[in-house]
Structure formats: structure tokens, C-alpha cells
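# Secondary and tertiary structure notes
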Amino acid sequence: MAKWPTWPTTSICASIRASWCPALRATSLAYNYYTPPQQAHPDAPKLSTYAYGRDYHKVVKQRLKPLMQFIQEQFGAVEMRAFVDSGPVMEKAWAQRAGIGWVGKHTNVIRQQQGSFFFLCEIILDLDLAPDAPATDHCGTCRRCIDACPTDAITPYAVDGSKCISYFTIELKDAIPQEMKGRFADWAFGCDVCQQVCPWNRFATPHNEPQFNPKPELMSMTKDEWHGMTEVVFDKLFEGSAGKRTKFEGLKRNLRFLAPEQ
Ligand code: B12
């Protein structure tokens, strides 16, 4: 069989049989987004590195296309569908079963060779692929993510979504609960703390996806510029980025919450 087109990490999932499609298989893939933090001003509100560049949903889906084309060329008209954090899919459990990596204590999937700064995606397809072996857990007795979480959201292998900074700053539509005041460690959008302290991330190497590179003007923003950001500036800085998810009002709410005077 011809070689699969190059992908940062590719692995074939253990066969997943669903009653509605008995021949179903899932290919689970990981797409590296690691970059060291690049914000120029250490006192500026922090943006999670996954939101630095172009929206990963779009980028990764685009990168999956050649792989899907290759499958069609090799096997003919195979029914398939791709997901990138875009459907009710057990991305982490499947990635572990596929051997990509294990679900760590912070609940992100970790690879020994790479750490955890990658997105998961899948191609579900009607093709009888041989499964890979599942990954095994290498968290051991480590508790760094648990101890470092600014809001104590992590217990081993579980994140309390109602305490996670990522949830509050990205997903929550209402006001952030006052009891969280002073506990966000300057995170304005998402949070990378549990991954930054993970010892496996010493093996992370920077991505080579140009579309994930941040706009220089976003990285050079000072604390005052963040707090004074207008909607026009927000739209320009976050155009096409996953950072748009909060919308302008959501980011403003997060910034107000970080300000000591409130
Ligand atoms: C909801 C969600 C969130 C929520 C809740 C996260 C959580 N840990 O619960 C919030 C908004 C907080 C969030 C935050 C983040 N997320 Co998120 N998120 C998701 C999403 C959309 C669904 C996860 C989910 O709830 N699945 C349903 C549940 C039932 O499945 P599960 O969590 O895998 O749980 C299973 C097992 O782990 C296990 N299990 C889980 N808990 C427990 C507890 C016990 C006691 C036991 C026994 C078993 C067990 O059983 C479950 C059923 O099999 C996934 C995409 C996806 N479709 O999977 C991305 C995803 C997990 N997120 C991702 C990322 C990058 C992040 C952030 C790093 C972003 C950021 N920088 O801010 C943070 C990390 C925070 C953290 N430590 O988890 C990536 C992770 C990539 C990776 N390497 O693993 C994913 C996979 C998206 C993607 N396609 O790349 N996220």
C-alpha cells in the first residue's frame, strides 16, 4: 500500500463498531500547535497559545483534505467524515484507544514524544483498517497540573468545568462568579497552566504551521492596550481566530474581571 501523506502524528484507531454502521472505523490524528508564549509584555493579560493564529477548526480541516483525497485514490469511494472539535465525538477516548497518547491527569491527551499541545481530529470511515494498540498512562505519581491549577479545578483525571479558567473565559456566557476574583493568574482567554507545568511538555517542539503564527500586533499589545481595546481593534486582531469565540463583549468581561479595581 502507498504511504500515507505526511501528517505530524497519525494513528489508526481501534475498530469502533456502531449499530448504525457495523464496518465503521475511526482514524484519530493529532495536530501540533505548540509554541512558547510570545506575548511581549509580561504584565499583559494572557492569551492561550492555541488561539494565537488562525482558527484551528479551519486550519486542521483544510490539512485533512489531502489525507481524505489519498484514501479515496487508494480505496475508491469510501464513505467518510472528518471532525475537528466539531461534533459529539469522544476525541480523547478514541485518541487513547488509537495509541496517539493517554488521557492525562489534567484530562488532555499526552504523548511521550510530544507532550500535549496538539489538537485532536478524526476521520470516521467505512474502511476495514487494522487497529493500533491503545496508549498506556505515564502520569505516574506526578501531580504538577493538580497543584498548579490556579482555581483548583483538577483532581486526578477529571476537570471540574465549573472551576476551569478556560471554561469561564471562553464558554461562560454570564458573569464570572465573584468568588473567582483574583484567581485567574492574568488569563484573559483560555488557560495553559496545566499543560505548561506538565513534565512531558519538555518534549514539545514548535509547530510548523504558518497559519498558527500570531499577528505581531497581537503579541506586542501592552496591558493598557488590552484594557482599552475597542471593538474595531478586536475585530481586526481576532479576525479568523478561535479567539473570536468570546466575542468582543466576552473578552471585555474577562478583562474587567482581571482588573483589581472591580
Ligand atoms: C468540553 C471541552 C472543554 C471544557 C471541559 C474540559 C474537561 N476537561 O472536562 C473546557 C471549556 C473547560 C475545555 C478546556 C480546554 N480544552 Co477542551 N474540549 C472540550 C470538548 C469539546 C469535549 C470534551 C468532553 O466533555 N467530552 C465528553 C466527555 C464525556 O468525554 P471525556 O472528557 O473524554 O471523558 C471521558 C474519559 O476521559 C473518562 N473520564 C472523564 N472524566 C472522568 C472522571 C472519572 C472519575 C473517570 C473514572 C473517568 C473520567 O470518561 C469519559 C467517558 O469516556 C473536547 C473536544 C471533544 N469532542 O472531545 C475539547 C478538547 C478536549 N479540548 C481541548 C483543549 C486544547 C482545551 C484547553 C487546553 C484549551 C485552553 N488552552 O484553554 C483547555 C484544557 C482544560 C483541561 N485541563 O481540560 C483539546 C485537547 C487536546 C488534547 N491534547 O487532548 C480537545 C480534544 C479539542 C481538540 N479537538 O483538540 N474543554
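Now for a quick tour of the structure. (Residues numbered from 1 in each chain as written. Predicted model: local features only at pLDDT ≥ 70, side-chain atom pairs only at ≥ 80, totals over all residues. Heavy atoms only, no water.)

Here we take up the pattern of salt bridges. A complete count under the given rule lists 5 salt bridges for this structure. Here Arg-25 ties to Asp-128 by a salt bridge, and the two come within 2.4 Å at their closest N and O atoms. Of the two residues, Arg-25 sits in strand S2 (residues 25-32) while Asp-128 sits in the loop between strand S7 (118-125) and helix H3 (144-148), which places them 103 residues apart along the sequence. We classify Asp-128 as exposed; its relative accessible area is 66%. Where Glu-209 meets Arg-63, a salt bridge forms, and the shortest distance between an N and an O atom there is 2.7 Å. Of the two residues, Glu-209 is situated in the loop between helix H5 (193-196) and helix H6 (216-219) and Arg-63 in helix H1 (residues 56-75); the sequence distance between them amounts to 146 residues. For Glu-209, a relative accessible area of 2% corresponds to the buried category. (Salt bridge = Lys/Arg side-chain N within 4 Å of Asp/Glu carboxyl O. Helix = DSSP H or I, 4+ residues; strand = E, 2+ residues; numbered from the N terminus. Buried < 20%, exposed > 50% of the residue type's maximum accessible area, 1.4 Å probe, protein only.)

This part is about the layout of surface pockets. By volume, the largest pocket is sized at about 1,300 Å³. If you go around the largest pocket, you meet 41 residues; those closest to its centre are Tyr-56, Asp-85, Lys-92, Asn-108 and Ser-166. Among the secondary structure elements, those contributing two or more residues to the lining of the largest pocket are H1, helix H2 (91-98), S7, helix H4 (165-171) and H5. When residues in the lining of the largest pocket are grouped by element, the largest group, 5 residues, is from H4. Looking at the lining of the largest pocket residue by residue, the class counts come to 24 nonpolar, 10 polar and 7 charged. (1 Å grid on protein atoms, 1.4 Å probe; cavity = no way out; pocket = protein on both sides within 12 Å on 5 of 7 lines; lining within 4 Å. Points joined across faces, edges and corners; volume = space filled by probe spheres on them. Nonpolar A, V, L, I, M, F, W, Y, C, P; charged D, E, K, R; others polar.)

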